[in-house]
Amino acid sequence: MKKSVSEKVYFFFNTDDKNVDEHLPRNYFLLLISSIFTKLGDTLSNPKTVLAWIMNYINAPVYMISFIVPIRESGSMLPQIFLASYIKTKAKRKWIYVSGSIFQFASILAIGLIAYFFEGVFAGGLIILFLIIFSLSRSLCSVSSKDVLGKTIPKDRRGKLKGYTVSVSGILVLLTGLFMMYKSKSDASLLFYSGILVFASSMWLISAFIYSKIKEPKSEVEENKDTWKEVLQRIKIVKKDTHFRNFIIARSLLLCSALTAPFYVLLAQENIGKESYLLGLFIIANGVASILSAPVWGRMADISSKNVMSFATIIASILGIVMFIIIEVFVDFSKVFWLYPVAFFILGIAHSGVRLGRKTYVVNMAEGNKRTDYVAVSNTIIGLILLVTGGISALASLFSVELVLLVLSIFGILGAFMSYKLPNVEAE
């Protein structure tokens, strides 16, 4: 019997799997392709690199630029504890993801147009407004996607799927970075930068269409109850479930890999300058890091996702401490242009592991609606912590960027230890 495209893709990435559900190859293929498009869109509108660069290009105030990372990340997490009640009333949850993707498409498209037609404080304010809408839409996708993943892909295949997704999208990101470096030498105009965001927005529209084709089994449906009562009951999980509480504590300490990223960009601008080619270099460094590391992290996560979180965070923390020493002690070396792209490359490897490890861990901790509760509660709490920590870091960076890097790295070492002490859910 001739194999379909989806079956060929599935068995190419999973050569050891001989007995599969009839819908598994199709769902694996659709999840892989859909995620590749969203990963590319994420990179091309990344607040740590592209969005910060464009806002500075249109003369938006520095304080607005400082808040785009915390807003984008925390805004997608904070509402999830409320959304979980709504999501659990739906038997098919892929449509929630599709809706969220369409709203993300519209938000990034609006930001791209605003960047072209406006400037200064007004443009910065509008961009932040649509960034909030984008983040809220992202929260719909975050909760629903983990549930769909848990229902359609076996536990021992999820980490590898995420790893291949990041790796393939990393190749596309690498090509994009090379193109941006080429254009920066001749025609890195406002139209070019705005066009990047418009192109990025289309990635979510394509992803929504592909995701809608997934064959999703029906979930257990719960009646629509009092939302606030549901929220309070859900929060009690943190108090009652020691395993889950320790995971949240560990995850909150792992934020160093995410929060330190924009400070590497700031340090590069302070010590080297604001040449356009740097943006392309940072994007390339991140893309190459994903290509090389994601499949490895994915295979490791299928064995022990908590060890992936721990090891990846150690890499990010040691890197931050080394960079602090270089900037404070070896001043001449801190002026070398390749230092920061290389550091960003190493950070990209570490952050890829942290993200893949903790996402795999929370999906594998539980099944069904309990998984939805775990994802929603943990993301809401982390979103709040991220917003507060990000705001403090943005303020502190006005005084000493390298000191913030050091402090966040020290917290990361503690987070690595906490992650290592967690139970191994893949062995359950």
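Cut-off values and rules
Residues numbered from 1 in each chain as written. Predicted model: local features only at pLDDT ≥ 70, side-chain atom pairs only at ≥ 80, totals over all residues. Heavy atoms only, no water. Phe/Tyr/Trp six-rings, centres within 6.5 Å; stacked < 30°, edge-to-face > 60°. Buried < 20%, exposed > 50% of the residue type's maximum accessible area, 1.4 Å probe, protein only. Patch = residues over 30% accessible without salt bridge, like charges linked within 9 Å, V, L, I, M, F, W, Y side chains within 5 Å. Areas by Shrake-Rupley, 256 points an atom, 1.4 Å probe, with all protein chains shown as cover. Salt bridge = Lys/Arg side-chain N within 4 Å of Asp/Glu carboxyl O. Lys, Arg positive; Asp, Glu negative; His and termini not counted. Charge placed at Lys NZ, Arg CZ, Asp CG, Glu CD. Helix = DSSP H or I, 4+ residues; strand = E, 2+ residues; numbered from the N terminus. Contact = heavy atoms within 4.5 Å. Expected span 1.5 Å × (residues − 1).

- Taking an unreviewed UniProt entry as the reference, the chain is identified by name as MFS transporter belonging to Polaribacter pectinis.

### Some thoughts on the packing of aromatic side chains
And then number 1: Counted by the stated rule, this structure contains ten aromatic pairs.
And then number 2: Between phenylalanine 118 and phenylalanine 122, the ring centres sit 5.2 Å apart and the planes meet at 75°, which makes this aromatic pair edge-to-face.
And then number 3: Its relative accessible area of 37% is what places phenylalanine 118 among the partly exposed residues.
And then number 4: Classification of phenylalanine 122 by relative accessible area gives exposed; the value is 52%.

### Considerations on a positive patch on the surface
And then number 1: Residues Arg26, Lys92, Lys213, Lys215 and Lys218 make up a contiguous surface patch of positive charge.
And then number 2: Mapped onto the elements, lysine 215 comes out in the loop between α9 (190-211) and α10 (227-240).

### Considerations on the environment of proline 79
And then number 1: Position of proline 79 among the secondary structure elements: in the loop between α4 (62-75) and α5 (80-87).
And then number 2: With a relative accessible area of 18%, proline 79 lands in the buried category.
And then number 3: In this structure, the C-alpha to C-alpha distance between proline 79 and leucine 140, residues 61 residues apart in sequence, is 8.7 Å.
And then number 4: Beyond its immediate stretch of four places on either side in the chain, proline 79 contacts Leu136, Ser139 and Thr380.

### Digging into helix α2 (residues 24-44)
A turn of α-helix holds 3.6 residues, and therefore any two residues three or four places apart point the same way.
And then number 1: Under the 1.5 Å per step criterion, the end-to-end length of α2 is 30 Å for 21 residues, consistent within 8% with the ideal 30 Å.
And then number 2: With respect to burial, α2 is a largely interior element, 15 of its 21 residues being buried.

### Regarding unusual backbone geometry
Where the residue is not glycine, phi is negative for most of them; where a peptide bond is considered, it is trans in most cases.
And then number 1: Of note, asparagine 59 is a non-glycine position whose phi angle comes to about 65°, a positive value.
And then number 2: Residue class for asparagine 59 comes out exposed when judged on its relative accessible area of 54%.

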